[in-house]
Amino acid sequence: MIWSKEETLSREEIEAIQLERLKETVARVYERVAPYRKKMDEAGVCPEDIKSLSDLSRLPFVTKQDLRDNYPFGLFAVPREELVRVHASSGTTGKPTVVGYTEGDLKTWTECVSRIACMGGATRKDYAQICFGYGMFTGALGLHYGLENIGATIIPSSTGNSQKQIMYMQDFETSLLVATPSYALRLAEVAGEMGVDPKRDLHIKIALVGSEMLTDAMRDEMHRVWGEDMLITSNYGMSELMGPGVSGECEYMDGMHINEDFFIPEIINPETGEVLPVGERGELVITCIKKEGLPLIRYRTKDITRLNYEKCRCGRTFCRMENLSGRSDDMLKIRGVNVFPSQIEEVVLGFSELGPHYEILLEREGYNDKLTVRVELLTSTDSFSVLEDITRRVREKLKTVLGLDAKVTLVSPNTLERFEGKAKRIRDLRGIK
Ligand SMILES: [Zn+2]
């Protein structure tokens, strides 16, 4: 089911709405938000310069640092008494970033999430268990109001108390799960420990997952434990932009539809800031064109993806962003090619002969970068032809995915370093003489 008629507008109609809302937003922030006015003055651009959508690229970027520098309310475009809610992101370093909503913003948010929930198959008949942490984090309340708006029954169980979560699922016949992919897998594990088989004893047929990258390998694993017929869609958002609801996958799971009447996406080269042609992979930049409280313009998300404007089989016309390939902070530059460790991981996990432990080694040979991927075999073998065959196939696959030739070294099981915290799989020796 398609929630709103806006989701099927023609490209011309979408662009007309975008241009009108962009002009209005730029004029408003220029008038009301001093840091924006300063940035625009420095860039030599004024609201009257925005005559077409391509003029968007003339505007300066906004980053998380700008939000921190203006903590807590410095970038807001309304007097603080007009806000009806504030949320904050957990700042792992320094001050958190604070976001605020007017009454109108909450309506927009609810609309965006209702659309995404419908795309993922939710209906008014669903019992939706929200296993995101309630609180300052936007995930839980975002999904909560969006799903409630379409008439679903909400079970606001939050995170933790996993055994109780399973009890609710069983007793209330929960049909829809909202969680991060990793918590969804953990819940299935806990169910197993309780003697509950998620496929046989529970009724969950839909999972709306977010706030973590959903790799294909992760989705396969979720299907294995929750059932092949579970519809698992990922959705995307971030507090700075609104919360969840920026984009979501439909049942065809071929990219996440961006709510383009509220957000304008651009893809830039993260190093130069230059806008890249459609279809190229780079950093996602989002401009909020229908927000009253905190209308961020050209916000650098640091997330790496690419856009697809082809019409989707579901009938929606909003463009789609590919599931994230990583963060620009993690990007490696090898022989001039941008490579994300997640791309290498995906290749490695795709071979049944290989375990999940690997190492990426970067060295310099003369003027050339040399990439070596060391991977552990799942089981030992002395057969030279078997080893040679795996090495060749991994190398070919890496070449297709990365566009780079890599040296592949297979190592015996249990030889690579293990990590208790965040794994350090990259050794970049190019700067060391
Ligand atoms: Zn679609």
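Residues numbered from 1 in each chain as written. Predicted model: local features only at pLDDT ≥ 70, side-chain atom pairs only at ≥ 80, totals over all residues. Heavy atoms only, no water.

J.: Can you lay out the overall build of the chain for me, pointing to particular residues and giving the numbers?
T.: A tally of regular secondary structure across the chain gives eleven helices and 21 strands. A compact globule built from 433 residues would reach a C-alpha radius of gyration of about 22 Å, and the chain, at 23 Å, matches this within 12%. In the chain, which comprises 433 residues, the proportion classed as buried is 52%. Contacts in the chain between residues far apart in sequence, at least 24 positions, make up 66% of those at least 6 positions apart. Averaging the locations of the 57 positively and 67 negatively charged side chains of the chain gives two centres separated by 2 Å. (Helix = DSSP H or I, 4+ residues; strand = E, 2+ residues; numbered from the N terminus. Rg over C-alpha atoms; globule rule 2.2 N^0.38 Å. Buried < 20%, exposed > 50% of the residue type's maximum accessible area, 1.4 Å probe, protein only. Contact = heavy atoms within 4.5 Å. Lys, Arg positive; Asp, Glu negative; His and termini not counted. Charge placed at Lys NZ, Arg CZ, Asp CG, Glu CD.)

J.: An account of the packing of aromatic side chains is requested, with residue identities and associated values reported.
T.: Within this structure, the stated rule accounts for four aromatic pairs. Look at Phe73 and Phe76: their rings are 5.3 Å apart centre to centre, the planes differ by 75°, and that puts the pair in the edge-to-face class. The exposure class assigned to Phe73 is partly exposed, which follows from its relative accessible area of 27%. Ring centres of Tyr101 and Trp109 lie 4.7 Å apart, and the angle between their planes is 10°; this geometry places the pair in the stacked category. A relative accessible area of 3% means that Trp109 is categorised as buried. Across the ring face of Phe61, the terminal group of Arg300 is positioned such that the distance to the ring centre comes to 5.3 Å. Across from the ring centre of Tyr358, 4.8 Å away, lies the NZ or CZ of Arg425, which sits over that ring. (Phe/Tyr/Trp six-rings, centres within 6.5 Å; stacked < 30°, edge-to-face > 60°. Lys NZ or Arg CZ within 6 Å of the ring centre and 35° of its normal.)

J.: Talk me through unusual backbone geometry; I want residue IDs and the actual numbers.
T.: The omega torsion of the bond from Tyr71 to Pro72 falls at -10°, within 30 degrees of zero and hence cis. Mapping Pro72 onto the fold places it in the loop between α3 (64-69) and β1 (85-88). Positive phi, normally seen in glycine, also occurs at Ser158, with a value near 60°. Positive phi, close to 50°, is recorded for Arg298, a residue that is not glycine. On the secondary structure map, Arg298 appears in the loop between β11 (282-288) and β12 (299-305).

Keep in mind these numbers describe shape, not what the thing actually does.
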